[in-house]
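Chains, contacts and geometry: an overview
Residue-level listing of the chains:
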Amino acid sequence: MSEHVEWSESEGPAPTASAAVTPADAADAARLVSFGLQPKLQPARDQEYADLLRRYREDPTFARLADAVATGLGLIVLEVSPRAGMAVTAAEDSVFAVRMGDYARRTSADGGDRFLHGLAHLAVAAMAFPRPEDLADDGYIGRVTVNGVDAFVRQACRRLEERAAEQGENTDPATEAPGLEAAWRIWVRRSSTGATKDARRLAGSTTGIVAKAVAFLTDSGFLQRTGDDNGGTYRTTARYQLQVRDMAGSAALAELLELGVVPVTDGTPTLLPPEESDDLELVADAGLPFHSS
């Protein structure tokens, strides 16, 4: 006859050790990271993705495992949430890193063109999130157009030209010189649309370069195309906001913003003199979705 034992509150059974991580757990964590590498995939439209996101938020052990998988792949986790999914960006040494040189070589081997492609991305970021508070507001949606970005850069070029003239600087430096002071000289010399009789947009024109930039951002899940007006209209995604917050820090983007950008909801460009305020500083390390070199 067995004896029944009454456990008191102070003499309860010893707690069991936490379950060890299983291969299935590791597979689920890797699966979540793989979802994060599909920027166009929305958690609301994929039940498995949504379930893994919920597990990440509710299970600290699983969250640490998923973070470790991402780190091992050279990825940086920006945010894990229903709005952004598992938003990751590639570290500079990651096999997933996109190099500016590789990106530009897809369209042209010319060094000046690579410079223009970089400036186009800077301009899109500046127009999409022209104020620090826009980057800080999770509900903010930026809007840009291809023609608007080109017009904005040309306005910025005119301002930079005026500033260079006032300061008595050389107005015709080498095209490989760094900084926006050199960029405007390259941009303004390039046709907006090309030289075809029907004014078709050529890949080497400035609107063609902007179109290439926004197409890349759209394919990367950073922008969503919303229409065809003004060369193409686009809205920002949560992932792009996180990317700009995390990676921008370039002096060129800060300089571009300091020229005075006023947010306009239809994506058209507006330049006004910058306010005399310290609030114009961009969030540290906010910028492009690819690495230099």
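Residues numbered from 1 in each chain as written. Predicted model: local features only at pLDDT ≥ 70, side-chain atom pairs only at ≥ 80, totals over all residues. Heavy atoms only, no water.

Focus on the nonpolar core
Ranked by internal contacts, the top residues of the largest apolar core, which has 32 residues, are V124, V149, V153, W187 and Y240. Of all the secondary structure elements, the ones that give two or more residues to this core are helix 5 (111-128), helix 7 (146-166), helix 8 (180-188), helix 9 (206-219) and helix 10 (238-247). Sort the elements by how many residues they give to this core and helix 5 lands first, with ten residues. Not counting residues up to four positions away in its chain, the partners in contact with V124 are V144, V149, V214, L217, L223 and Y240. Core analysis: the second largest hydrophobic core is formed by 19 residues, V33, F35, Y49 and A70 among them. (Core = buried A, V, L, I, M, F, W, Y, C linked by side-chain atoms within 4.5 Å. Buried < 20%, exposed > 50% of the residue type's maximum accessible area, 1.4 Å probe, protein only. Helix = DSSP H or I, 4+ residues; strand = E, 2+ residues; numbered from the N terminus. Contact = heavy atoms within 4.5 Å.)

Focus on the pairing of strand 4 (residues 223-227)
Pairing between strand 4 and strand 5 (residues 233-236): four bridges, direction antiparallel. Across the sheet, residue G227 finds its bridge partner in strand 5, namely T233. (Pairing = 2+ DSSP bridges.)

With respect to the environment of D229
Take D229: it is sitting in the loop between strand 4 and strand 5. What makes D229 exposed here is its relative accessible area of 57%. Expressed as a C-alpha distance, the spacing of D229 and N147, which sit 82 residues apart in the sequence, is 8.9 Å.

Keep in mind these values describe shape, not function.
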